[in-house]
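# Summary of structural features
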Amino acid sequence: MLMRTDPFRELDRLTQQVFGPNTTRPTAMAMDAYRSGDDFFVHFDLPGVDPETIELDVERNVLNVRAERRSPAPEGAEPLVAERPTGTFTRQLFLGDTLDTERIDASYETGVLTLRIPVAEQAKPRRIQISGGDTPRQLSS
């Protein structure tokens, strides 16, 4: 599994701390990924995101994740403290040919989007039977 990294992510975080959130450019979401057995798991932190705003699509082994968090304040309210980022969050993952993109499972629970991506059958290790001559041979010492 190959993942795309954003070299400007740390710069974006620093800029947001100094100048506030930038709503004109989508920001990346925090992610953990690991392999367990024949599956890859990816967890994205999306606290406070309405599951209806989450979009997942795969095209040519590129997985795109997009989500939106809106401000809970009503229109015209005067913000006193606004530290939680709002707007659009995106992330792209480049999936290797060894993953089965047709069988990706996704679930969203307690603010975490979890993807399970199985390893493709043709990429799993398999034992190959070796055939010999017509008569079985016995090794002696």
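Relevant structure appears above.
Residues numbered from 1 in each chain as written. Predicted model: local features only at pLDDT ≥ 70, side-chain atom pairs only at ≥ 80, totals over all residues. Heavy atoms only, no water.

### So, the side chain of D39
Filter applied, for reference: The helix and strand labels rest on DSSP assignments: H or I over at least four residues marks a helix, E over at least two residues marks a strand, and numbering proceeds from the N terminus. Any pair of N or O atoms that falls within 3.5 Å is considered a polar contact. Within protein, one atom must be able to donate a hydrogen and the other to accept it, and sequence-neighbouring residues count only if both atoms are side-chain atoms. By the convention used here, residues are in contact when the closest approach between their heavy atoms is within 4.5 Å.
Relative to the assigned elements, D39 resides in strand β4 (residues 39-45). At 2.8 Å, the side chain of D39 forms a polar contact with the side chain of R116. Sequence-distant contacts of D39, that is, excluding residues within four places in its chain, are made with Y34, R116, I117, P118 and V119.

### Regarding the pairing of strand β5 (residues 55-59)
Looking along a regular strand, one sees the side chains alternate between the two faces of the sheet. For clarity, the cut-off: Strand pairing is defined by DSSP finding a minimum of two bridges between the two strands.
Sheet analysis places β5 next to strand β6 (residues 62-69), joined by five bridges and oriented antiparallel. Following the sheet pairing, V58 is matched in β6 by L63. In sequence, β5 turns back onto β6 through a hairpin of two residues, with R60 there showing a positive phi of about 50°.

### Points about the sheet that holds strand β8 (residues 105-109)
Each strand in a sheet pairs with another by means of backbone hydrogen bonds, the pair being arranged parallel or else antiparallel. We apply this condition: Angles run from 0 to 180 degrees between N-to-C directions of axes, and those axes are lines fitted to C-alpha atoms, restricted for helices to the stretch in contact.
Spatial ordering of the open sheet is given by β3-β4-β9-β8, a layout of four strands whose pairing is antiparallel. With partners counted over all chains shown, the strands left at the sheet margins are β3 (31-36) and β8, one partner each. Within this sheet the neighbouring strands show an average axis-to-axis angle of 15°, counted without direction. Both β3 and β4 contribute to a ladder of six bridges, which runs antiparallel. Following the sheet pairing, R35 is matched in β4 by F40.

### Structural notes on unusual backbone geometry
It is generally the case that most residues other than glycine have a negative phi and that most peptide bonds are trans. Cut-off, in case you're wondering: A simple rule labels every residue: compare its accessible area, found with a 1.4 Å probe on the protein chains alone, to the largest value its type can have, and call it buried under 20%, exposed over 50%, or partly exposed in between.
For R60, which is not glycine, the phi dihedral falls at a positive 50°. Even without being a glycine, T110 presents a positive backbone phi close to 50°. Within the secondary structure, T110 is located in the loop between β8 and β9 (112-118). Overall, the relative accessible area of 76% leaves T110 in the exposed class.

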